[in-house]
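# Close look at the chain arrangement
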Amino acid sequence: QVQLVESGGGLVQAGGSLRLSCAASGRTFSRYAMGWFRQAPGKERELVAGLSWSGGSTYYADSVKGRFTISRDNAKNTVYLQMNSLKPEDTAVYYCATARGPYGYPSSASGDYDYWGQGTQVTVSS
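Residues numbered from 1 in each chain as written. Predicted model: local features only at pLDDT ≥ 70, side-chain atom pairs only at ≥ 80, totals over all residues. Heavy atoms only, no water.

## Details of the overall build of the protein chain
Assigned secondary structure in the protein chain consists of 0 helices and 11 strands. When the helices and strands of the protein chain are placed in sequence order, the string is β-β-β-β-β-β-β-β-β-β-β. Here the C-alpha radius of gyration of the protein chain, 13 Å, is about what a compact globule of 126 residues would show, namely 14 Å. A principal-axis box enclosing the C-alpha atoms of the protein chain has dimensions of 40 × 25 × 25 Å. (Helix = DSSP H or I, 4+ residues; strand = E, 2+ residues; numbered from the N terminus. Rg over C-alpha atoms; globule rule 2.2 N^0.38 Å.)

Right, dumping it as structure tokens:
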């Protein structure tokens, strides 16, 4: 059974930083692309950062480029999202997800991911 457990969310002032972690189990983690999505109230879920199975290819939404960094530690079965220079518009529930098939690249379509974490709230105050 595949499980993804996020941690690291919280309340931070604008300009601050947070690091989200997603611990995976039940799958050969290193073979799968991973994504961090977010969903704000009244908005659709969007991919903010993705990482290929090898770690050699990344995707960032325009709104977070230069501020967020996705990385993975396959030895720990964990993917991270380092978020710097946070803005109030980054406020959302953040989810990690693992791609459906192995050896792939990050996709912006949520349907291309088959397992999701429970989400962690990030709130940025102005």
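## A few points about the pattern of salt bridges
Considering all chains together, one arrives at 5 salt bridges under this definition. The shortest N-O distance in the salt bridge between aspartate 114 and arginine 27 comes to 3.0 Å. Of the two residues, aspartate 114 sits in strand β10 (residues 113-116) while arginine 27 sits in the loop between β3 (18-25) and β4 (32-39), which places them 87 residues apart along the sequence. Judged by its relative accessible area of 24%, aspartate 114 falls in the partly exposed class. Here arginine 38 ties to glutamate 46 by a salt bridge, and the two come within 2.8 Å at their closest N and O atoms. (Salt bridge = Lys/Arg side-chain N within 4 Å of Asp/Glu carboxyl O. Buried < 20%, exposed > 50% of the residue type's maximum accessible area, 1.4 Å probe, protein only.)

## As for the state of the cysteines
Scanning the entire structure with this criterion turns up 1 disulfide. Each disulfide pairs two cysteine sulfurs, and for cysteine 22 the partner residue is cysteine 96, the sulfurs being separated by 2.0 Å. One quick way to see it: the torsion about the S-S bond of cysteine 22 and cysteine 96 is about 55°, and its sign makes the bridge right-handed. Taken as a pair, cysteine 22 in strand β3 and cysteine 96 in strand β9 (residues 92-102) lie far apart in primary sequence, 74 residues in all. (Disulfide = S-S within 2.5 Å.)

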